[in-house]
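Per-entry structural report
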Amino acid sequence: MVTDQNTIIHTSMLTKFYGKYRGIEDVNLDVKRGEVFGYLGPNGAGKTTTIRTFMDYIRPTRGNATIFGFDSRRGSIETRRRIGYLPGELSIYGNLTGTELLRFAANLRQGVEWSYVTTLAQRLDCDLTRRLRTLSHGNRQKIGLIQAFMHKPELVILDEPTNGLDPLIQQEFYRLILETKSDGRTVFLSSHILPEVERVCDRVGIIRNGKLAAVETVETLKSRALRRLDIHFAQAVPIERFNTVPGVRNVTMHDNVLHCEVIGSLDACVKAAAKFEVVNIVSHEPSLEEIFLAYYSQDKSNA
C-alpha cells in the first residue's frame, strides 16, 4: 500500500495485452491530490484500457496501479466507493427514467444529497422525467455525468466526458470540473479533444500506441511547440538577418511585417528584432492540438 497521501493514482509499469495485441505497456504515472490530469490520445491509443485497469474491470498483464494507496485489484471495493466514474461507452437501463436510475445509484452510494442531483440536472439542462431509451446520446451523457459527480467523490474518472454534449453544456461541464478542483478533489480526464484539456487541466499525459509519450504541464507542452510571430517594423528589414537566427524558420516579409515561426525560446528572435524599430509583435500561440500532433508524429518508426 502506497503511503504518500498526496498521490491519488500511481502506476508502475502498468501493462495490458489482449492476446498478442498490446493495449498499454509500461505506463508509469502519478496523479496528485487536487489536480486535473488530462490523458490524451486518439482512439485505440490505450486511454480506456488504462482507466479500466484503474477500476479493476480488467486485470493488468503485468505491473500495477494503486488508487488512494490501495492496489487496484485487492482494494477495488474501497476505491470504487470514493470514485465517480463515467465510462467511454455508457450502458444504462432504457426502461427507467433519469430520476429512477439516479435514485437507484444514490441508494447504492448512500449519503447522496438529492438536492445536489437536481442542481446538477438543472446546470446540465437534463430532463430526468424521460425514459432513457428516448434520449439522444448527448442527453444520456448528461445522466452519466450526474451519476459520476452526484456523491462529490474524492476522485472523478471521466472517459471522453464531452462526447455528444452541445457547446453550452460543455462550458457548464468545464465549470463543474474547476469547482471540483477548487474543493481539493481530483479529476482524471481522458480525451482526444485537446482544447478542452488545455482549458481545465494542470498536467497532461500523452499516450500513443499504448505508451506514454510525455507527462508535462500544459505550459511546458506549449513551450515546446513552434509559435508563429508577426513582427511589425517601422520599415522593411532584411529577412536574411532572421534566416540564420537559431530556432527561426519560414521567414517572409510583407508590408513591413515579418512573419516567421519560432521553435523553442523566443529570446534569439526578439534580440534580432530589437536591432530595428519594432512597432508591434503579435504571437499566435500554438494550440494544444498542434503540440499533441508534434509529439504523436515523433519516432513513427517505433510505432
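Up top is the structure these notes are about.
Not measured: the values here are computed from a predicted model. (Residues numbered from 1 in each chain as written. Predicted model: local features only at pLDDT ≥ 70, side-chain atom pairs only at ≥ 80, totals over all residues. Heavy atoms only, no water.)

1. Some details on the overall build of the protein chain
Selection criterion: Numbering goes from the N terminus for both helices and strands, where a helix is a DSSP run of H or I of at least four residues and a strand is a run of E of at least two. Whether a residue is buried, partly exposed or exposed follows from its accessible area with a 1.4 Å probe, protein chains only, as a fraction of its type maximum: under 20%, in between, or over 50%, in that order. Contacts are residue-level and defined by heavy atoms, with any inter-residue pair within 4.5 Å sufficient. Working definition of accessibility: Shrake-Rupley area with a 1.4 Å probe, residue cover restricted to the visible protein chains. Just so you know, the count uses Lys and Arg for positive and Asp and Glu for negative, and it drops His and the chain ends. By convention, the point assigned to a charge is CZ for Arg, NZ for Lys, CD for Glu and CG for Asp.
When helices and strands are counted, the protein chain shows 11 helices and 14 strands. Taken along the three principal axes of its C-alpha coordinates, the protein chain extends 70 × 45 × 35 Å. Within the span of the protein chain, comprising 303 residues, buried residues form 47% of the whole. The long-range fraction of contacts in the protein chain, counting pairs at least 24 apart against all pairs at least 6 apart in sequence, stands at 68%. A total of about 14,900 Å² of accessible surface is found on the protein chain, and carbon and sulfur atoms cover 49% of it. Mean positive and mean negative side-chain charge positions of the protein chain (39 and 35 charges, respectively) differ by 7 Å.

2. Quick look at the environment of Arg 140
Following the sequence through the fold, Arg 140 ends up in helix 5 (residues 137–149). You can call Arg 140 partly exposed: its relative accessible area is 25%. Between the C-alpha atom of Arg 140 and that of Arg 241, which follows or precedes it by 101 residues, the distance is 58 Å. Excluding its chain neighbours within four sequence positions, the residues that come into contact with Arg 140 are Leu 90, Ile 92, Leu 132, Arg 133 and Leu 135.

3. Remarks on a nonpolar patch on the surface
Test applied: Patches were defined on residues exceeding 30% relative accessible area and lacking a salt bridge, with like-charge contacts within 9 Å and nonpolar side-chain contacts (Val, Leu, Ile, Met, Phe, Trp, Tyr) within 5 Å. The salt bridge criterion pairs a side-chain nitrogen of Lys or Arg with a carboxyl oxygen of Asp or Glu, the two atoms within 4 Å.
Together, Tyr 93, Phe 104 and Leu 108 make up an exposed nonpolar region whose accessible area comes to about 370 Å². Relative to the helices and strands, Tyr 93 resides in the loop between strand 6 (83–86) and helix 3 (98–109).

4. Points about the layout of surface pockets
Basically, it comes down to this: The method works on a 1 Å grid over the protein atoms by themselves. A cavity is a set of points holding a 1.4 Å probe that cannot get out, a pocket is an open set with protein on both sides within 12 Å along at least five of seven lines, and residues with an atom within 4 Å of a point line them. Grid points are joined across faces, edges and corners, and a volume is the space filled by probe spheres set on the points. Amino acids are sorted into nonpolar (Ala, Val, Leu, Ile, Met, Phe, Trp, Tyr, Cys and Pro), charged (Asp, Glu, Lys and Arg) and polar (every other residue, Gly among them).
Considering only enclosed or pocket space, the largest pocket measures out at about 630 Å³ in volume. Looking at the lining of the largest pocket, the elements that each hand over two or more residues are helix 2 (76–81), strand 6, helix 3 and helix 5. Top element by residues in the lining of the largest pocket is helix 3. It accounts for 5 residues. Residues belonging to the lining of the largest pocket are distributed by class as follows: 13 nonpolar, 4 polar and 3 charged. Space inside the second largest pocket adds up to approximately 350 Å³. For the second largest pocket, the lining is made up of 19 residues, of which Asn 43, Gly 44, Lys 47, Thr 48 and Thr 49 are closest to its centre. Across the lining of the second largest pocket, the residue classes tally to 4 nonpolar, 9 polar and 6 charged.

5. A short note on the packing of aromatic side chains
Formally: Any two rings among Phe, Tyr and Trp, with Trp reduced to its six-membered ring, count as a pair given centres within 6.5 Å; such a pair is stacked if its planes are under 30 degrees apart, edge-to-face if over 60, and tilted if neither. In this analysis the charged atom, NZ for Lys or CZ for Arg, is taken to sit over a ring once it is within 6 Å of the ring centre and within 35 degrees of the ring normal.
Within the structure shown, the criterion is met by 8 aromatic pairs. Residues Phe 37 and Phe 188 carry aromatic rings whose centres are separated by 5.6 Å and whose planes lie at 10° to one another, so their mutual orientation is stacked. Pair noted here: Phe 37 is in strand 3 (residues 36–40) and Phe 188 is in strand 8 (residues 186–191), with a separation of 151 residues, a long-range link. Exposure class is identical for Phe 37 and Phe 188. Each is buried. These aromatic residues form a ring-pair network of at least three members: Phe 37, Tyr 39, Phe 54 and Phe 188. For the cation-ring pair, Arg 82 lies above Phe 68, with the distance from its terminal atom to the ring centre recorded as 4.0 Å. Note that Arg 103 overlies the ring of Trp 114, its terminal NZ or CZ placed 3.9 Å from the centroid.

6. Quick notes on helix 4 (residues 114–123)
How we decide: The arc in question is the one traced by the directions running from the helix axis out to the C-beta atoms.
Of all the positions in helix 4, only Trp 114, Tyr 116, Val 117, Leu 120 and Ala 121 are classed as buried. Projected down its long axis, helix 4 shows its buried positions confined to an angular sector of 155°, all on one face. Taken together, the buried residues of helix 4 touch helix 3, helix 5 and helix 6 (167–182).

7. Here we look at the nonpolar core
Applied cut-off: Remark: nonpolar core denotes a set of buried residues (Ala, Val, Leu, Ile, Met, Phe, Trp, Tyr, Cys) joined through side-chain atoms within 4.5 Å.
Core analysis: the biggest nonpolar cluster contains 45 residues, and Ile 146, Phe 149, Leu 158 and Ile 177 have the highest contact counts within it. Once you skip the residues sitting within four places of it in the chain, Ile 146 turns out to touch Leu 102, Val 117, Leu 120, Ala 121, Leu 124, Cys 126 and Leu 128. Judged by nonpolar contacts, the second largest core, of 22 residues, contains Ile 9, Leu 29, Phe 54 and Ala 65.

All quantities given are derived from atomic positions and should not be read as evidence of function.
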